[in-house]
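# A closer look at the structure
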Amino acid sequence: MDISEVRFASRFDQVTGSAIREIFKVIAQPGMISFAGGNPSLEALPDQQVSELAQYVLAHDGKAILQYGATEGYPPFVESLKSYVADQLGVSVPAVLPVTGSTQAMDLLCKALLDPGDTVLVENPSFLGNLQCLKLYQANLVTVESDEDGLIPDDLELKIKKHHPKLLYTIPTFQNPTGKTLPDSRRRAVADLANRYGMVVAEDDPYRDLRYEGEKVRAIKSYDQNGWVMFLGSFSKTISPGLRIGYIAGDAGIIRKCTIGKQSTDVHSANLNQAVVDQYLRRNLLPDHIRSICKGYGAKMHQMLQYLEQFPDGVSFTRPQGGLFIWAELPVHIDTVKLLSKAVERKVAYVPGTYFCADGGHLNTLRLNFSNSTPQQIETGMSILNDLIKSEI
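Residues numbered from 1 in each chain as written. Predicted model: local features only at pLDDT ≥ 70, side-chain atom pairs only at ≥ 80, totals over all residues. Heavy atoms only, no water.

Per an unreviewed UniProt entry, the chain goes by the name PLP-dependent aminotransferase family protein and belongs to Aristaeella hokkaidonensis.

Below is the structure:
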C-alpha cells in the first residue's frame, strides 16, 4: 500500500495550516515589502546584550543550565518571573509556568481543559495561530462580536448563556489582528462574567508593553476574584521571538495540569534561554530596552496611519495606541484574498482579514504590520497598496 493512503487524525480535518506561514514563503522573494508578519524589527533585537548575558550565565551556572531541568522552570527564572508578573498585573498570582513562547501556553491550556466538542468563545476577528490551536483540540468555536473598543460584554454574556462555554480566548491589549484595546470597564465586566458563570478566561497579552501613546490599562487578571482568569505572557515581542520564552500565570491547579501536559511536549523550556531572560529581569534591563524600541515602533505606526489617511473614500482602519498591527476594511466588493496576488506581483504582501475570522467571511479586510519594515518600505509599500485599491474601486 502506498503511504499516500495513510489515515491522519480527524483533528486535522478542519485545519489547513497557518495562512501567515504560507504567505512567508511568498515574502521570501527578493525585494518583497512585507506588511504580513508580526516580527519585531531587526534593529530591536538585542543580539549583543543577549550574547553577553548568555556568556555570563554559562560561566556562573553552566553545568545546571546544560543539564536537564525541571518542567516547572529554571529556578532562578521562576523566582524573578513571579516578581515580574506581580508587578505587571498589580496583583500576586498563585503560580507561574515558563513555557516555550505564549503559543505553547495556549496549547497547554487547551490540553488541560478541553475535550472534543467543548465550546470556546473567541473574538471576531482573533489571532489565527490560536484559532488553529483550538481547532486542533476539536473545540466548538463561537464568535463574540466586537466594536471600536473591542469585545462587547453584552454579546459575551448572551453567548455564555446560550452556549455554556468552558473557555474564553481574548487578546485585550493592541489586539492581533485589529490593534484594538479593551477599556478598563470592559475588562472588569469580563472578569465578573467569568466568575458568575464559571468560565475560564485565557487573557493573551503579549503586546501590552508596546504602548506608544495613551494610558496603560489594567489586566483582566487584576479584576479576577476567584482564579478564573489565566494570564498568558511572552518576551518574544520585547526581547526576542527566537528565544521562545513565555509564561502562563494563575490558578495553581490549572498550572499543575499544564505542567503535566508540558512534560510530554518538551520536558522543559530551554534552560539557557530562561537564564538569559532571568538576567534581563534581575538587572532591570527590560524597561530601558522597551523604551528604546517603542520610540521607533511608534514612529512607524504613525507613518503608516498617515498613508492610510490618503487612501480612497470607503477605506476605514483602526488607530491603535501601540502593538504591531493595523486593521483595514475596504469597500465590500473588494476581495483582499484575490487582491493579494496583485500586490505580490508588485512586491507587497499583507494578510487577508478573513483568515482571522473563525466563521470566515470579511473578505474585504486585511491586517497590516509596520514593525518589520523601514520607513522607506512603508512609504513605497503603502503607495503601491493605495494605487491597487484605487484601481479596484
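On to the pattern of salt bridges. Under the criterion given, the structure shown has 14 salt bridges. In this structure, Glu157 and Lys161 form a salt bridge, with 3.9 Å as the shortest nitrogen-oxygen distance. Of the two residues, Glu157 and Lys161 both sit in helix α6 (residues 153-163), four residues apart, roughly one turn of that helix. For Asp205, the salt bridge goes to Arg208, with nearest N and O atoms at 2.8 Å. Accessibility classification places Asp205 together with Arg208 in one group, the buried group. Beyond isolated ion pairs, a larger network of salt bridges with shared partners links Glu79, Asp278 and Arg282. (Salt bridge = Lys/Arg side-chain N within 4 Å of Asp/Glu carboxyl O. Helix = DSSP H or I, 4+ residues; strand = E, 2+ residues; numbered from the N terminus. Buried < 20%, exposed > 50% of the residue type's maximum accessible area, 1.4 Å probe, protein only.)

So, about the sheet that holds strand β9 (residues 229-234). As summarised here, the arrangement of the seven strands in space is β2-β10-β9-β8-β7-β3-β4, forming an open sheet in which the pairing is mixed. Each edge of the sheet is formed by a strand with only one pairing partner; in this case those strands are β2 (95-99) and β4 (140-144). For this sheet, the mean inter-axis angle between neighbouring strands, taken without regard to orientation, is 20 degrees. The pairing of β9 with strand β10 (residues 246-250) spans four bridges and is classified as antiparallel. Bridging across to β10, Phe231 finds its partner in Ala249. Against the sheet, helix α3 (residues 75-89) engages β2, β9 and β10, with an angle of about 115 degrees to β2. (Pairing = 2+ DSSP bridges. Axes fitted to C-alpha atoms, helices over the stretch in contact; angles between N-to-C directions. Contact = heavy atoms within 4.5 Å.)

With the rule as written, the count across this model stands at eight aromatic pairs. Where Trp327 meets Phe356, the ring centres are 6.2 Å apart and the plane angle is 80 degrees; that geometry is what we call edge-to-face. In this pair, Trp327 sits in strand β12 (residues 325-329) while Phe356 sits in the loop between β14 (351-352) and β15 (365-369), placing the two residues 29 residues apart along the sequence. We note that Trp327, like Phe356, is buried. The rings of Phe77, Tyr84, Phe231, Phe235 and Tyr247 are connected pair by pair, giving a single aromatic cluster. The positively charged end of Arg218 is found above the aromatic ring belonging to Tyr223, 4.1 Å away from the centroid. Between the NZ or CZ atom of Arg283 and the centre of the ring of Tyr56, over which it lies, the distance is 4.6 Å. (Phe/Tyr/Trp six-rings, centres within 6.5 Å; stacked < 30°, edge-to-face > 60°. Lys NZ or Arg CZ within 6 Å of the ring centre and 35° of its normal.)

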